[in-house]
Amino acid sequence: MKNRLRILMLSSEVTPFAKTGGLADVAGALPKKLHDKGHDIRVIMPRYGGISERKFVLRDVIRLKKIPIKMCGKEYTVSAKSAFLPDSKVQVYLLEHKPFFGRKDLYVDPQTGKAFSDNPERFMLFCRAVIEMMRILHWKPQVIHCNDWQTALLPWFLKHQNLDDGFFDDTSTLLSIHNMAYQGDFSTDALTKSGCMNDLSPDDDLIKYDKINFLRAGLVTADAISTVSPTYAGEILDNQESAAGLQEELLQRKNDLYGILNGVDYNVWDPKTDPLIDANYDVDSLDQKSENKKALLKEAKLPYDENTILVGIISRLAEQKGFDIISEAIDDMLKMNLQIVVLGTGDPMYHKFWQDMMKKYPQKIAAFLTFDETLAHKIEASSDVFLMPSRFEPSGLNQLYSLRYGTVPVVRKTGGLADTITDFVQNPETGNGFVFTDYDSKSMLSALQNAVKTYSDRKTWVTLQLRGMQADYSWKAAAENYLQLYQDMIEKKNS
């Protein structure tokens, strides 16, 4: 692409500064690839309390030292620090307002387990402040790439607020949906009490089921919409459940909806160079993978047996991720010659489930009910199989990490899992995992049984591992697709 584009990426979380899920990995990897291709890309995220100034070498931005924002009948003051994405020259602005973002946790109060009650004001302020920051910096992005509901009000503000200075007249907005289940919907009563309804005059863009819905506002006002896999784009158009109540709006925008599969940052996820695992390995030293398995099982206080298959699970503990069918099938699963290591947090019901299972099967199950990036890498490097039985999965990244680490995915055929994993039993020449279609415990067990059976044939299993490790799911293709979409948006805006 000849033209050097000016692109602004907005995300509520960015690796390595703050992360709760795959969104952070995308926001930390895609900008680097776009910069490598010669484009001027900058990133803005909130400065949360857990982001260390010393660790990330945060610097003051003098021009962004004190920005007044009038909102919700009050005046707020925001500022911004600056840093760079690791191993790159991509500049990241971290927006500061301590009353809203000075907390260590991003969205949920750890004391109550519920979303912060002021989340609507927090992310309204974030979107409003981004607009003012660009004006103060005199940097006009050609494309503002928003991600999920936390940034979805920005296209709405650009359309509905009186921005009569023309600064953003040539700016296009893209809203990427990473998960339709999270929409940022809030009661109008709560927003009235906070004084914010005057800033969000109810109209058809904002209201859904008598609630203010941030994602809907972005869906109907952004110039283009993307999801994180082609199959998920089709699912949310075809199915009201997948669309989580916004199918009508998506169908109205279907000509502006694109599915672009996420990629993997192999600078971070590669067993050959990964500094977080116990033994590095690649396709020429695959035997070293077992050293990781031994080390992890020791840490998990489980016995090691080379003939026992280790199943890894790294996930938010939620029904969407298939934990309802796992809990139904757990006793039958453990009749097979396997062990399970789980890493994740989420629904208290599933926390208790795994705690109970550890007591019931102390030689077979270890559950780490926390978020630990190092342990995530160790589980990917140590496991023989990675289990993702998701009810729906917009893109999924762990199945791609698993392929690179020679860890064979067992997945349900949905969203990005359907786009990336092919069943080995049905397609022995091209298969890279084990796939089931129906969302039930019986189908999942059948896929697991196929994996266990294949594992006993070591030559075939190694062939399957190497096939996954040699596949290329880097950001190269995804970055090209995004750049083409950006260019099309710019040309449409200027036509």
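Here the structure is shown first, and the text comes after it.
Computed from a predicted structure; not experimentally measured.

1. Considerations on the pattern of salt bridges
A side chain with one charge can pair with a side chain of the opposite charge if their charged atoms come near.
Here is step 1 of the chain: This model, assessed by the stated rule, comprises 28 salt bridges.
Here is step 2 of the chain: Here R42 ties to D40 by a salt bridge, and the two come within 3.5 Å at their closest N and O atoms.
Here is step 3 of the chain: Of the charged contacts, one joins D60 and K65 as a salt bridge, the two residues approaching to 3.4 Å between their closest N and O atoms.
Here is step 4 of the chain: Since its relative accessible area comes to 42%, D60 is described here as partly exposed.
Here is step 5 of the chain: Note on K65: relative accessible area 48%, which makes it partly exposed.

2. Describing the sheet that holds strand β12 (residues 207–208)
Backbone hydrogen bonds hold the strands of a sheet together, and the pairing may be parallel or antiparallel.
Here is step 1 of the chain: Overall, antiparallel pairing links the three strands, which are arranged β11-β13-β12 in an open sheet. The open sheet has two edge strands with one neighbour each: β11 (185–187) and β12.
Here is step 2 of the chain: Where β11 meets strand β13 (residues 211–213), three bridges bridge the pair, whose relative direction is antiparallel. Bridging from a neighbouring strand, D185 pairs with N213 of β13.

3. Notes on the packing of helix α1 (residues 22–36) against helix α18 (residues 475–494)
Here is step 1 of the chain: The contact between α1 and α18 brings their axes to 10 Å, and the two run at 75 degrees. In terms of their interaxial angle, α1 and α18 are classed as roughly perpendicular. Residues V26, A29, L30, K33 and L34 of α1 form the contact with α18, whose participating residues are W475, K476, A479, Y482, L483 and Y486.
Here is step 2 of the chain: Of the residues belonging to the contact of α1 with α18, the class tally is nine nonpolar, no polar and two charged.

4. Overview of the environment of V228
Here is step 1 of the chain: Locating V228 in the fold gives a position in the loop between β14 (224–227) and α7 (230–238).
Here is step 2 of the chain: In this structure V228 touches I177, H178, I260, L261, N262, P394 and S395, once residues within four positions along its chain are discounted.

5. Remarks on the side chain of S315
Here is step 1 of the chain: Checked against the element boundaries, S315 lands in the loop between β16 (309–314) and α11 (323–333).
Here is step 2 of the chain: Discounting residues that sit within four places of it in the chain, S315 has contacts with K321, F323, L343, G344 and T345.

6. Side note on the state of the cysteines
Here is step 1 of the chain: Taken as a whole and judged by the stated rule, the model has one disulfide.
Here is step 2 of the chain: The disulfide bridge from C72 ends at C196, spanning 2.0 Å between sulfur atoms. Handedness here is read from the sign of the S-S torsion; for C72 and C196, about 95 degrees, the answer is right-handed. Of this pair, C72 sits in the loop between β4 (67–71) and β5 (74–84) while C196 sits in the loop between α5 (188–193) and β12; the two residues are 124 residues apart in sequence, bridging distant segments of the chain. C196 carries the same exposure label as C72, and that label is buried.
Here is step 3 of the chain: Of all cysteine sulfurs, the one in C146 lies closest to C127, which takes part in no disulfide; the gap is 6.8 Å.

7. What to know about the sheet that holds strand β17 (residues 338–343)
Here is step 1 of the chain: The parallel open sheet is built from six strands, whose spatial order is β18-β17-β16-β19-β20-β21. The outermost strands of the open sheet, each flanked by one partner alone, are β18 (365–368) and β21 (434–436). Strand-to-strand twist across the sheet, computed as the mean angle between neighbouring axes with direction ignored, equals 20 degrees.
Here is step 2 of the chain: Looking at chain direction, β16 and strand β19 (residues 385–388) are connected through two bridges and run parallel. Bridge pairing links G312 to F386 in β19.
Here is step 3 of the chain: Packing against the sheet, helix α16 (residues 441–455) makes contact with β16, β17, β19, β20 (408–412) and β21, and its axis sits at approximately 165 degrees to β21.
Here is step 4 of the chain: Sheet contacts for helix α17 (residues 458–469): β16, β19, β20 and β21; angle to β20, the most-contacted strand, approximately 75 degrees.

8. Section: the packing of helix α4 (residues 153–160) against helix α6 (residues 214–221)
Each pair of packed helices gets described by two things: the angle between the helix axes and the distance between those axes.
Here is step 1 of the chain: Look at α4 against α6: their axes get within 7 Å of each other, and the N-to-C directions meet at 55 degrees. Between α4 and α6, the crossing angle belongs to the class labelled oblique. For the crossing formed where α4 meets α6, the hand is left-handed. Contacts between α4 and α6 pair L153, P155, W156, K159 and H160 from the former with F214, A217, V220 and T221 from the latter.
Here is step 2 of the chain: Split by residue class, the contact of α4 with α6 holds six nonpolar, two polar and one charged.

9. Overview of the pairing of strand β6 (residues 91–96)
Here is step 1 of the chain: Taken across its six residues, β6 has five buried, putting it largely inside the fold.
Here is step 2 of the chain: The pairing of strand β2 (residues 40–46) with β6 spans five bridges and is classified as parallel. Residue R42 lies in a different strand from β6, and its bridge partner there is Q91.
Here is step 3 of the chain: Sheet topology places β5 next to β6; six bridges connect them, and they run antiparallel.

10. Observations regarding the side chain of R122
Here is step 1 of the chain: Among the secondary structure elements, R122 is positioned in helix α3 (residues 119–137).
Here is step 2 of the chain: Put simply, R122 is tucked away with no salt bridge, and the nearest opposite charge, on D118, sits 4.4 Å away.
Here is step 3 of the chain: At 2.8 Å, the side chain of R122 and the backbone oxygen of F100 are in polar contact.
Here is step 4 of the chain: Ignoring any residue separated from it by four or fewer positions in sequence, one finds R122 in contact with Y48, F100, F101, R103, D105, L106, Y107 and F116.

11. Digging into unusual backbone geometry
Here is step 1 of the chain: Here the amide bond leading from T15 into P16 is cis, since omega sits at 10 degrees, within 30 degrees of zero.
Here is step 2 of the chain: Here P16 lies in the loop between β1 (6–10) and α1.
Here is step 3 of the chain: Positive phi, normally seen in glycine, also occurs at D87, with a value near 60 degrees.
Here is step 4 of the chain: Turning to its location among the elements, D87 is positioned in the loop between β5 and β6.
Here is step 5 of the chain: Classification of D87 by relative accessible area gives exposed; the value is 80%.

Rules of the game
Residues numbered from 1 in each chain as written. Predicted model: local features only at pLDDT ≥ 70, side-chain atom pairs only at ≥ 80, totals over all residues. Heavy atoms only, no water. Salt bridge = Lys/Arg side-chain N within 4 Å of Asp/Glu carboxyl O. Buried < 20%, exposed > 50% of the residue type's maximum accessible area, 1.4 Å probe, protein only. Pairing = 2+ DSSP bridges. Helix = DSSP H or I, 4+ residues; strand = E, 2+ residues; numbered from the N terminus. Axes fitted to C-alpha atoms, helices over the stretch in contact; angles between N-to-C directions. Parallel < 35°, antiparallel > 145°, perpendicular 65-115°, else oblique. Contact = heavy atoms within 4.5 Å. Nonpolar A, V, L, I, M, F, W, Y, C, P; charged D, E, K, R; others polar. Disulfide = S-S within 2.5 Å. Left-handed = near helix turned anticlockwise from the far one by under 90°. Lys, Arg positive; Asp, Glu negative; His and termini not counted. Polar contact = N/O pair within 3.5 Å; in protein donor to acceptor, adjacent residues only side chain to side chain.

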